[in-house]
Amino acid sequence: MKPFTYERATSPAEAAASAARLEDAKFVAGGTNLLDLMKLEIETPKHLIDVNGLSLDKIEPTAEGGLRIGALVRNTDLAADPRVRRDYGVLSRALLAGASGQLRNKATTAGNLLQRTRCPYFYDSNQACNKRQPGSGCAAIGGFSRQHAVIGASEACIATHASDMAVAMRALDATVETVRPDGAARNIPIVDLHRLPGDTPDIETTLKPGELITAVTLPKPVGGTHIYRKVRDRASYAFALVSVAAIVQRDGTGRVALGGVAHKPWRVEAAEAEMSRGARAVAARLLDGARPTRENAFKLTLAERTLGAVLIEARG
């Protein structure tokens, strides 16, 4: 373990200002991802800013009829909230599919969105990884790539995003609220929060240095049947090979986002116009331009079949 200093922030603006002022500073709340990475010396922050005392742990209705979820709301509490279960069932189901009860008790809403990839080459410091060490290469390309991205990847990185919650948030058109080091607030549509890898896979979000997530806002409920289906190698909280977050209306229209296939939650709104034609038509538009490896090409068929099962379930 590398030595580091520590402070407890007393306000979101103070936390953001401190993170921008101090070199290699990181926010910590539940620590379910960060602490593991610190133990492996993949993350080596010089300063930790504990944000647990910032009173960002409430779920409140908005004036527009939606919900405002504080950044520090624990995954267990969010999944169990009666309003979330009733009006945003896809989110509750995604959270319950995402981790063990012990992890959900500690993991936070903001931390879940910002968790880093579980690519084994990222975790192995003996392997080349442009996320861990920019410019070193990507050992996953040409390596064992069964779990990796089939779309939205680049010559620099083929990792996938690990979050189940983020996939559901993408289907729900959530908005991420932040505070900047100067105290100014910003709203980021979740579609714009996570970046594709391009030439800089180490830059994973559009957050600026020191910018702190304070809440996630869900719009007014849209009704419909909410389903989250996750296909994985084992039932015991493995990461997704493919997951589908879907909201299907009675007339067959709806929304679909995929997990396990890209560097960010993957949704193509134009594909949703094909829902009346069935899973094959939707999947073809969703995954248009896919560039799978030999080892993960099965994900294209798996995504289509999983979506088909979801649409059958939605029809009852």
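The notes below deal with the structure included here. (Residues numbered from 1 in each chain as written. Predicted model: local features only at pLDDT ≥ 70, side-chain atom pairs only at ≥ 80, totals over all residues. Heavy atoms only, no water.)

Brief notes about the overall build of the chain
Phase 1 of the analysis: The helix and strand inventory of the chain stands at 11 helices and 11 strands.
Phase 2 of the analysis: Radius of gyration (C-alpha) of the chain: 19 Å, near the 20 Å computed for a compact globule of 316 residues.
Phase 3 of the analysis: Taken along the three principal axes of its C-alpha coordinates, the chain extends 55 × 50 × 35 Å.
Phase 4 of the analysis: Residues counted as buried form 53% of the 316 residues belonging to the chain.
Phase 5 of the analysis: A fraction of 62% describes how many contacts in the chain between residues 6 or more apart in sequence connect residues 24 or more apart.
Phase 6 of the analysis: For the chain, the exposed surface amounts to about 14,500 Å²; the carbon and sulfur share of it is 49%.
Phase 7 of the analysis: Positive and negative side-chain charges in the chain, numbering 42 and 34 respectively, have mean positions lying 5 Å apart. (Helix = DSSP H or I, 4+ residues; strand = E, 2+ residues; numbered from the N terminus. Rg over C-alpha atoms; globule rule 2.2 N^0.38 Å. Buried < 20%, exposed > 50% of the residue type's maximum accessible area, 1.4 Å probe, protein only. Contact = heavy atoms within 4.5 Å. Areas by Shrake-Rupley, 256 points an atom, 1.4 Å probe, with all protein chains shown as cover. Lys, Arg positive; Asp, Glu negative; His and termini not counted. Charge placed at Lys NZ, Arg CZ, Asp CG, Glu CD.)

Overview of the environment of Arg180
Phase 1 of the analysis: Counting through the fold element by element, Arg180 comes out in the loop between strand E6 (175-179) and strand E7 (185-189).
Phase 2 of the analysis: The sequence separation of Arg180 and Ala19 amounts to 161 residues, and the corresponding C-alpha distance is 9.9 Å.
Phase 3 of the analysis: Setting aside chain neighbours within four positions, we find Arg180 in contact with Ala16, Arg186 and Glu211.

Here's the deal with the sheet that holds strand E3 (residues 47-50)
Phase 1 of the analysis: On the basis of which strands lie adjacent, the open sheet formed by three strands has the order E1-E3-E2 and parallel pairing. In the strand order of this sheet, the two ends are held by strand E1 (5-8) and strand E2 (25-28), each with one partner. For this sheet, the mean angle separating the axes of adjacent strands, direction not counted, is 25°. (Pairing = 2+ DSSP bridges. Axes fitted to C-alpha atoms, helices over the stretch in contact; angles between N-to-C directions.)

Examining a nonpolar patch on the surface
Phase 1 of the analysis: A cluster of nonpolar residues, Met1, Phe4 and Tyr6, forms a patch on the protein surface that exposes about 330 Å² of accessible area.
Phase 2 of the analysis: Relative to the helices and strands, Tyr6 is located in strand E1. (Patch = residues over 30% accessible without salt bridge, like charges linked within 9 Å, V, L, I, M, F, W, Y side chains within 5 Å. Salt bridge = Lys/Arg side-chain N within 4 Å of Asp/Glu carboxyl O.)

Concerning the pattern of salt bridges
Phase 1 of the analysis: Within the structure shown, the criterion is met by 23 salt bridges.
Phase 2 of the analysis: Arg229 is the partner of Glu313 in a salt bridge, and the nearest nitrogen-oxygen pair spans 2.9 Å. Taken together, the residues Glu313 in helix H11 (residues 298-314) and Arg229 in strand E9 (residues 225-231) connect sequence positions 84 residues apart.
Phase 3 of the analysis: Owing to a relative accessible area of 40%, Glu313 belongs among the partly exposed residues under this scheme.
Phase 4 of the analysis: Note on Arg229: relative accessible area 31%, which makes it partly exposed.
Phase 5 of the analysis: Within the structure, one salt-bridge network assembled from shared partners comprises Arg170, Asp173, Arg255, Arg267, Glu269 and Glu272.

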